[in-house]
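Read off the chains here:
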Amino acid sequence: MLINKSSIVYNQRRPAPSFVILLLVLVYALLSSGCAGVNPLQEYDFTDATMVVEAPVAPKPSIVTNSEYDILDVFEGSAESIFRATTAVVKETQAHKARKRIKHAAEDLDVSMLIAEGIAERADRYLGFAPATKGEYPDLVLRLDIAKHGLYSGPAFDGRTEFFLDAHVKLIDDYTGEALWDKDVSIVEPISDHFLFSNILTSKELSDMSEAEMQDALYRISDYTADYVVRVLRREIHRAQR
């Protein structure tokens, strides 16, 4: 029997209802995922917000020299490498003295608490986040976790001395638990000729500093960090809500 293919009528099946529903769900999920990228700071109403700052105790400040790289260079045998190695040994000896003093200086103060107090004061002044009263549930919680901080004295050929601090800051809606702002903070400030550290110039001066001078430096470092965090948060809120 011969079949005329032109006479065949193909059955154009409609999609099953379940397939249509699944397709609509997928489209909605895609649209929702696109909306999920909205900055939480953009949606939050900070009017009359209250805030507390949580700051676990920071690790002790450290003094890092990386002198081992200069010392290993002595095996090159050149005059320059020998000079670097000799300088590195002296620097490490001086840094060892400084480590003892800064350790003792840090025993009588809590850098995390100093930064937290500075953040709360500035947040009230510049952001309008009033400190939550005792027994009151705050609208916002700012969590500050310091990973490490201290002083870095560069290799002999470099000579730079810097203050460093690495921390993680998170601003949380205390009602929902949502993180409104989540940021890694890394501060590196050169010490030489810096307005914050006028009494610290080189590793030699560092080793000669008294514990009182070390404490003064830690106070100023904490104040600077608090100011930095609030300035960055203020900028981020302004960008999100303009």
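Residues numbered from 1 in each chain as written. Predicted model: local features only at pLDDT ≥ 70, side-chain atom pairs only at ≥ 80, totals over all residues. Heavy atoms only, no water.

Trainee: Got a sec to walk through helix α5 (residues 111-127)? Specific residues and values, please.
Mentor: For α5, which comprises 17 residues, the first-to-last C-alpha distance of 23 Å matches the rise-based estimate of 24 Å (1.5 Å per residue) to within 8%. Listing the buried residues of α5 in full gives Val111, Ser112, Ile115, Ala116, Gly118, Ile119, Arg122, Ala123 and Leu127. Along the axis of α5, the buried residues cluster in a sector spanning 165°; they form a single face. Near the N-terminus of α5, the side chain that reaches the backbone nitrogen of Ser112, with its oxygen 3.0 Å away, is that of Asp110. Once α5 finishes, Gly128 follows within two positions and takes phi at roughly 80°, a positive value. (Helix = DSSP H or I, 4+ residues; strand = E, 2+ residues; numbered from the N terminus. Expected span 1.5 Å × (residues − 1). Buried < 20%, exposed > 50% of the residue type's maximum accessible area, 1.4 Å probe, protein only. Arc of directions from axis to C-beta. Polar contact = N/O pair within 3.5 Å; in protein donor to acceptor, adjacent residues only side chain to side chain.)

Trainee: Please set out the packing of α5 against helix α7 (residues 211-241) residue by residue, giving values where relevant.
Mentor: Two elements in contact, α5 and α7, have axes whose closest approach is 8 Å; the angle formed by their N-to-C orientations is 40°. In terms of orientation, α5 and α7 fall into the oblique class. By crossing handedness, the relation of α5 to α7 is classed as right-handed. For the pair α5 and α7, the contacting residues are Val111, Leu114, Ile115, Gly118, Ile119, Arg122, Ala123, Tyr126 and Leu127 in the first and Tyr219, Ser222, Asp223, Thr225, Ala226, Asp227, Val229, Val230, Leu233 and Arg234 in the second. Across the contact of α5 with α7, the residue classes break down as twelve nonpolar, three polar and four charged. (Axes fitted to C-alpha atoms, helices over the stretch in contact; angles between N-to-C directions. Parallel < 35°, antiparallel > 145°, perpendicular 65-115°, else oblique. Left-handed = near helix turned anticlockwise from the far one by under 90°. Contact = heavy atoms within 4.5 Å. Nonpolar A, V, L, I, M, F, W, Y, C, P; charged D, E, K, R; others polar.)

Trainee: Lay out the pairing of strand β6 (residues 179-190) in plain terms, naming residues and giving numbers.
Mentor: Both strand β5 (residues 161-173) and β6 contribute to a ladder of eleven bridges, which runs antiparallel. Residue pairing in the sheet places Lys170 in a bridge with Asp182 of β6. As consecutive antiparallel partners, β5 and β6 are separated by five residues, and within that stretch Gly177 has a phi angle of approximately 80°, a positive value. (Pairing = 2+ DSSP bridges.)

Trainee: Account for unusual backbone geometry, with residues named and values stated.
Mentor: You will see that Asp48, though not glycine, has its phi angle at about 60°, which is positive. If you trace the backbone, Asp48 turns up in the loop between α2 (40-43) and β1 (50-54).

Trainee: Summarise the packing of aromatic side chains; cite the residues concerned and give the values.
Mentor: Counted by the stated rule, this structure contains two aromatic pairs. Ring geometry for Tyr44 versus Phe46: centroids 4.7 Å apart, planes at 50°, classification tilted. Accessibility expressed as a relative area gives 10% for Phe46, which makes it buried. Taken together, a centroid distance of 5.3 Å and an interplanar angle of 25° make the contact between Phe46 and Phe129 stacked. Here Phe129 lies in the loop between α5 and β3 (130-131) and Phe46 lies in the loop between α2 and β1, a separation of 83 residues in the sequence. Joined through ring pairs, the aromatic side chains of Tyr44, Phe46 and Phe129 make up one cluster. (Phe/Tyr/Trp six-rings, centres within 6.5 Å; stacked < 30°, edge-to-face > 60°.)

Trainee: Give me the pattern of salt bridges: which residues, what numbers.
Mentor: Applying the stated criterion across every chain yields a total of nine salt bridges. Between Arg231 and Asp227 there is a salt bridge, with its nearest N and O atoms 2.8 Å apart. Taken together, the positions of Arg231 and Asp227, both in helix α7 and four residues apart, correspond to about one turn of that helix. (Salt bridge = Lys/Arg side-chain N within 4 Å of Asp/Glu carboxyl O.)

Trainee: With reference to specific residues and values, describe the confidence of the model for the protein.
Mentor: Taken as a whole, the protein shows an average pLDDT of 75; of its residues, 60% reach a score of 70 or greater. Mean pLDDT values for the elements of the protein range from 49 in helix α3 (residues 67-72) up to 96 in β1. (pLDDT = per-residue confidence, 0-100.)

Trainee: Would you mind going over the environment of His149 in detail, with residue names and values included?
Mentor: In this structure, His149 sits in strand β4 (residues 140-153). His149 sits in the buried class, given a relative accessible area of 1%. Spatially, the C-alpha atom of His149 lies 5.4 Å from that of Phe164, the residues being 15 residues apart in sequence. Not counting the four nearest positions on each side in its chain, His149 is found in contact with Ala58, Pro59, Lys60, Pro61, Ser62, Val111, Phe163, Phe164 and Leu165. Within the local environment of His149, its side chain forms a polar contact with the backbone oxygen of Pro59, the two atoms lying 2.9 Å apart.

Trainee: Explain the nonpolar core to me, and be specific about the residues and the numbers.
Mentor: Core analysis: the largest hydrophobic core is formed by 45 residues, its most contacted members being Phe46, Phe129, Leu140 and Leu171. Listed by contribution, the elements that provide at least two residues to this core are α4 (79-107), α5, β4, β5, β6 and α7. Sorting elements by how many residues they give to this core places α7 first, with eleven residues. Dropping the residues within four chain positions of it, Leu171 is found in contact with Leu41, Phe46, Met51, Leu140, Val141, Leu142, Glu178, Ala179, Leu180, Trp181 and Leu233. (Core = buried A, V, L, I, M, F, W, Y, C linked by side-chain atoms within 4.5 Å.)

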